[in-house]
Amino acid sequence: MQFCHDNPQCKAGIDIDGAPYGSVVQDGLKQPFMFILSDHSHDLPDSASGQIHANFQSIYDRLPNGRLFITIRRANHFSFSDQMLLKSHYVISLLRLFGFGRLEGRRGLAITADYVYTFFDVYLKDAPAASLDKLSQLYPEVQFALQ
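Conventions we followed
- Residues numbered from 1 in each chain as written.
- Predicted model: local features only at pLDDT ≥ 70, side-chain atom pairs only at ≥ 80, totals over all residues.
- Heavy atoms only, no water.
- Helix = DSSP H or I, 4+ residues; strand = E, 2+ residues; numbered from the N terminus.
- Expected span 1.5 Å × (residues − 1).
- Buried < 20%, exposed > 50% of the residue type's maximum accessible area, 1.4 Å probe, protein only.
- Contact = heavy atoms within 4.5 Å.
- Polar contact = N/O pair within 3.5 Å; in protein donor to acceptor, adjacent residues only side chain to side chain.

Enquirer: Help me out: how do you make sense of helix 6 (residues 105-125) in this one?
Expert: Every α-helix winds through 3.6 residues per turn, so residues three or four apart in the chain are directed the same way. For helix 6, built from 21 residues, the straight-helix expectation of 30 Å at 1.5 Å per residue is met to within 8% by its first-to-last C-alpha distance of 29 Å. Among all positions of helix 6, only Gly 105, Gly 108, Ile 111, Thr 112, Tyr 115, Thr 118, Phe 119, Asp 121 and Val 122 are buried. At the C-terminal side of helix 6, Asp 126 shows a positive phi close to 60 degrees.

Structure, rendered in structure tokens:
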């Protein structure tokens, strides 16, 4: 986010399960931007997570057309990388026992890849915006937030 804030060459950006930091929180962005977050619905509320959510809201509220904020139900932070595919089955079972990693690894990667690819196609290659709407039919795990 901060890169897009600081660099006018950035035409669109995506944050994948990262917390916002820097002057972008106060200043906002001018470019289309998408947030993809893991499922934090079962997290215990605390002041740090509340501040992170407030920072997301602050940035999102000031975004121009071309903003999207999605949460992938049952995903955790590792769902956005190949870590869920590479970890041993024992580790995966242990994570699931504690409520993490309930989304199948390949499914998490497919959702992330399709949304990233399509978002950039829409905002960098002038693909129809309806392309993003079609993804919600393929991926019922995706929840739209901050509308």
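Here the narrative resumes, following the displayed structure.
Enquirer: What's the story with the environment of Arg 73 in this structure? I'm lost.
Expert: For Arg 73, the position within the fold is in the loop between strand 3 (67-72) and helix 4 (83-86). Spatially, the C-alpha atom of Arg 73 lies 8.8 Å from that of Pro 140, the residues being 67 residues apart in sequence. Once you skip the residues sitting within four places of it in the chain, Arg 73 turns out to touch Asp 39, Leu 103, Pro 140, Glu 141, Val 142 and Gln 143.

Enquirer: What am I meant to see in the environment of Gln 57 here?
Expert: Along the chain, Gln 57 falls in helix 3 (residues 47-61). In this structure Gln 57 comes out as partly exposed when scored by relative accessible area, which is 24%. On a C-alpha basis, the gap between Gln 57 and Phe 69 in space is 9.8 Å, while along the polypeptide they are 12 residues apart. Looking at Gln 57, its side chain comes within polar contact range of the side chain of Asp 61, at 2.7 Å.

None of this, on its own, says anything about what the molecule does.
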